[in-house]
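Overview (structure and organization)
If you want the building blocks of each chain, they are given just below.
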Amino acid sequence: MKLEGTVIAAHGRHYLVELADGQTLPCFPRGKKSDLACGDRVSVLRSSESQGVIDSAMPRQTLLYRSNEFRQKLIAANVTQIIIVVATEPSFSEELVTRCLIAAESQGISALIVLNKCDLTDRLASAENLLEPLVRLDYRVLHLSARCSIEDLRPHLARHTSVLVGQSGMGKSTLVNALMPLANARTREISEALDSGKHTTTHATLYRLNDNSALIDSPGLQEFGLHHLSMHELEHGFPEIRALLGQCRFRNCRHDREPGCAIQAAVEAGQIDPRRFAGFRALCREPHPL
Ligand SMILES: Nc1nc2c(ncn2[C@@H]2O[C@H](COP(=O)(O)OP(=O)(O)OP(=O)(O)O)[C@@H](O)[C@H]2O)c(=O)[nH]1
Ligand SMILES: [Mg+2]
Ligand SMILES: [Zn+2]
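Presented here is an overview of the structure given in this document. From a predicted model like this one, the values you see are computed outputs, not experimental measurements.

Thoughts on the coordination of the magnesium ion (ligand 2)
Summarising the metal site, the magnesium ion (ligand 2) is bound by the protein donors Ser-173 (OG) and Thr-201 (OG1), whose distances to it range over 1.9 to 2.1 Å. Within this pair, whereas Ser-173 is found in helix H4 (residues 172–179), its partner Thr-201 is found in the loop between helix H5 (183–194) and strand E12 (204–208), the two being separated by 28 residues in sequence. Its relative accessible area of 25% is what places Ser-173 among the partly exposed residues. You can call Thr-201 partly exposed: its relative accessible area is 21%.

Okay, structure coming up:
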């Protein structure tokens, strides 16, 4: 008998599937390939009382993933919001935030930036300084301290399936635990089922919130390769560049050294942040599909 469910934890070839009745079943993919992500909806065949085989996966609404020249790494499927978690300390990579935003943009996923650990006030100003260009572009930036209160975050989660992404140590899991006191126990339980249970998150896990929304905690990222995005998607991933597309002299302008480039003119006129433009150019120089 086929059962439908949602992947709520993904760790290598091990998946935990939540079935329609709320029960969870450890499952393996058929064959060698395992290309499912947390949040994927699947159809499962029960192979024993305590194990299943994933028969097929349903089409995805969205897929958040990263890629380098060798392979792709799936982060989460069917999410409607990406929450990029940065912190006052340890210091964070502005470039990684930009890359997360572009990946979200390419999938039509809304983005929220959380600046966590605002209780550590010494480093607050320098973190805010790094985020300033993004605030000016109207990206939502929420100041939080998972240690003190996460109540300001709750309204942003409503009606969404959100995934928390960011570098290790930013406080993603602390946020989850603060939002859901029961998550702590669940995390331990799932860690025991899937791996040795270290402090740092080793696999993505989906948690249901009371009001029909869901939250996925994911392992810390050190890099976010975007080799799968075309030049067109990169241009559209920067709102300030997107706004000027079509205004360059040449239709196939690469916004590098071409004369009559509206983007370069905007950088020179101080309308586009030079750090953002440098980030865009660096992305363009990486390999990408045409
Ligand atoms: N001062 C302070 N410390 C915090 C806050 N939030 C989290 N921490 C601490 O930051 C450390 C890392 O927190 P985690 O929640 O494990 O970070 P993470 O982003 O899940 O890290 P990975 O799972 O490795 O990706 C822990 O020691 C937390 O106690 C905060 O708001 N204020
Ligand atoms: Mg974690
Ligand atoms: Zn141009």
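Brief notes about the environment of Leu-112
Along the chain, Leu-112 turns up in strand E9 (residues 110–116). Overall, the relative accessible area of 1% leaves Leu-112 in the buried class. Measuring from C-alpha to C-alpha, the distance between Leu-112 and Val-141 comes to 6.3 Å, with 29 residues separating the pair along the chain. Setting aside its immediate chain neighbours within four residues, Leu-112 contacts Gln-81, Ile-82, Ile-83, Ile-84, Arg-140, Leu-142, Leu-153 and His-156.

Re the environment of Pro-289
Within the secondary structure, Pro-289 sits in the segment after helix H9 (274–285). Considering only alpha carbons, one finds Pro-289 and His-227, 62 residues apart in sequence, at a separation of 7.5 Å. When near neighbours in sequence (up to four residues on either side) are disregarded, Pro-289 contacts His-227, His-228, Leu-229, Ser-230 and Met-231.

Description of the site of ligand 1
Taken together, 20 residues form the shell around ligand 1, and within it Ser-168, Lys-172, Thr-174, Thr-200 and Thr-201 come nearest. Within the backbone of Met-170, one N or O atom sits 3.3 Å away from an oxygen atom of ligand 1. Within the side chain of Thr-174, an N or O atom sits 2.5 Å from an oxygen atom of ligand 1. For ligand 1, whose free accessible area comes to 660 Å², the fraction covered by protein is 85%. Broken down by element, the residue count for the shell around ligand 1 peaks at three residues, all from H4.

Considerations on the nonpolar core
Core analysis: the biggest nonpolar cluster contains 75 residues, and Ile-82, Ile-84, Ile-113, Leu-153, Val-163 and Val-165 have the highest contact counts within it. No other element matches the seven residues that helix H1 (residues 94–107) contributes to this core. Each residue touching Leu-153, except ones within four places of it in the same chain, is listed here: Ile-83, Leu-112, Val-114, Leu-142, Leu-144, Leu-175 and Leu-179. Grouped together as the second largest cluster of nonpolar side chains are 12 residues, Ala-10, Leu-25, Leu-36 and Val-44 included.

A short note on the pattern of salt bridges
Taken as a whole, this structure holds 12 salt bridges when the rule is applied. For Glu-18, the salt bridge identified is with Arg-208, shortest N-O distance 2.6 Å. Residue Glu-18 is found in strand E2 (residues 14–19), and its partner Arg-208 is found in strand E12; the two are separated by 190 residues along the sequence. Residue classification places Arg-208 among the partly exposed positions, given a relative accessible area of 42%. Bridged by salt links that share partners, the residues Lys-2, Arg-30 and Asp-55 form one connected network.

Topic: the coordination of the zinc ion (ligand 3)
The zinc ion (ligand 3) binds to the protein through Cys-248 (SG), Cys-253 (SG), His-255 (ND1) and Cys-261 (SG), with metal-donor distances spanning 2.1 to 2.4 Å. Every donor counted, the four donor atoms about the zinc ion (ligand 3) form angles of 103 to 115° at the centre, which fits tetrahedral coordination. When the donor residues of the zinc ion (ligand 3) are listed from N- to C-terminus, their spacing reads C-x4-C-x1-H-x5-C. Remark: Cys-261 occurs in the loop between helix H7 (239–242) and helix H8 (262–268) and Cys-248 occurs in the loop between H7 and H8; sequence separation between them is 13 residues. Since its relative accessible area comes to 12%, Cys-248 is described here as buried.

So, the side chain of Asn-78
Take Asn-78: it is sitting in the loop between strand E7 (72–77) and strand E8 (81–87). Of the residues examined, Asn-78 reaches a relative accessible area of 7% and is grouped as buried. Ignoring any residue separated from it by four or fewer positions in sequence, one finds Asn-78 in contact with Gly-39, Asp-40, Arg-41, Arg-60, Gln-61, Thr-62 and Thr-161.

Definitions and limits used
- Residues numbered from 1 in each chain as written.
- Chains lettered and ligands numbered in written order.
- Predicted model: local features only at pLDDT ≥ 70, side-chain atom pairs only at ≥ 80, totals over all residues.
- Heavy atoms only, no water.
- Donors = N, O, S within 2.8 Å, 3.2 Å for Na, K, Ca; no water.
- Helix = DSSP H or I, 4+ residues; strand = E, 2+ residues; numbered from the N terminus.
- Buried < 20%, exposed > 50% of the residue type's maximum accessible area, 1.4 Å probe, protein only.
- Contact = heavy atoms within 4.5 Å.
- Near = heavy atom within 4 Å.
- Polar contact = N/O pair within 3.5 Å; in protein donor to acceptor, adjacent residues only side chain to side chain.
- Areas by Shrake-Rupley, 256 points an atom, 1.4 Å probe, with all protein chains shown as cover.
- Core = buried A, V, L, I, M, F, W, Y, C linked by side-chain atoms within 4.5 Å.
- Salt bridge = Lys/Arg side-chain N within 4 Å of Asp/Glu carboxyl O.
- Tetrahedral: all angles 85-135°; square planar, octahedral: opposite > 155°, others 65-115°.

Everything listed here is a matter of coordinates, which is why it stays silent on function.
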